[in-house]
Amino acid sequence: MKRSRTLAAGIAVSMMALAYVPQAAADTTRGELITSSCFACHSIDGTGNMPNLVGYPRDLLISQMKAFKDGSRQGTIMNRLARGYTEEEIVLMGDYFAKIQ
């Protein structure tokens, strides 16, 4: 009997822990996930050699990423990186960078 209570308590604790996983995942947006690699070059505190993207104007970021993607704006690496993003992902990136401070 004691073993079944211990097992039941363990299951209950596990279920409660799992209840928090979806909320943690919901707190991380798709835009945030997509843009996480950008900070390797574009520092979050503006100390890098590349433009600081924190609070970057949404429409400007979208237009620049599309220009890199279609080749109308030259770049050393951005034109190659931009080709890997869909139009939807570029919009999500613009949304995310515009809202962070």
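Residues numbered from 1 in each chain as written. Predicted model: local features only at pLDDT ≥ 70, side-chain atom pairs only at ≥ 80, totals over all residues. Heavy atoms only, no water.

Turning next to the pattern of salt bridges. Taken as a whole and judged by the stated rule, the model has five salt bridges. Here Arg30 ties to Glu88 by a salt bridge, and the two come within 3.2 Å at their closest N and O atoms. Taken together, the positions of Arg30 in helix α2 (residues 30–35) and Glu88 in helix α5 (residues 87–99) put the pair 58 residues apart, joining distant regions of the chain. One network of salt bridges, with partners in common, ties together Arg30, Glu88 and Glu89. (Salt bridge = Lys/Arg side-chain N within 4 Å of Asp/Glu carboxyl O. Helix = DSSP H or I, 4+ residues; strand = E, 2+ residues; numbered from the N terminus.)

Looking now at the nonpolar core. In terms of nonpolar packing, the biggest core is built from 14 residues, with Leu61, Met65, Tyr85, Met93 and Phe97 touching the most fellow members. Of all the secondary structure elements, the ones that give two or more residues to this core are α3 (58–70) and α5. Leave out the neighbours within four places in its chain, and Tyr85 touches Ile34, Ser37, Met65, Lys69, Ile90 and Met93. (Core = buried A, V, L, I, M, F, W, Y, C linked by side-chain atoms within 4.5 Å. Buried < 20%, exposed > 50% of the residue type's maximum accessible area, 1.4 Å probe, protein only. Contact = heavy atoms within 4.5 Å.)

Turning our eyes to something else, we now look at the packing of aromatic side chains. Counted according to the given criterion, the structure contains two aromatic pairs. Considering the side-chain rings of Phe39 and Phe97, the 5.7 Å spacing of their centres and the 80 degrees angle between planes classify their relative orientation as edge-to-face. Taken together, the residues span a long stretch of sequence, with Phe39 in the loop between α2 and α3 and Phe97 in helix α5 at a distance of 58 residues. A residue is classified by how much of its surface remains accessible, and Phe39, at 22% relative accessible area, is partly exposed. Each ring, one from Tyr96 and one from Phe97, has its centre 5.9 Å from the other, and the planes form 55 degrees; the classification is tilted. Of the residues examined, Phe97 reaches a relative accessible area of 0% and is grouped as buried. Clustering of aromatic rings is evident, with ring pairs tying together Phe39, Tyr96 and Phe97. (Phe/Tyr/Trp six-rings, centres within 6.5 Å; stacked < 30°, edge-to-face > 60°.)

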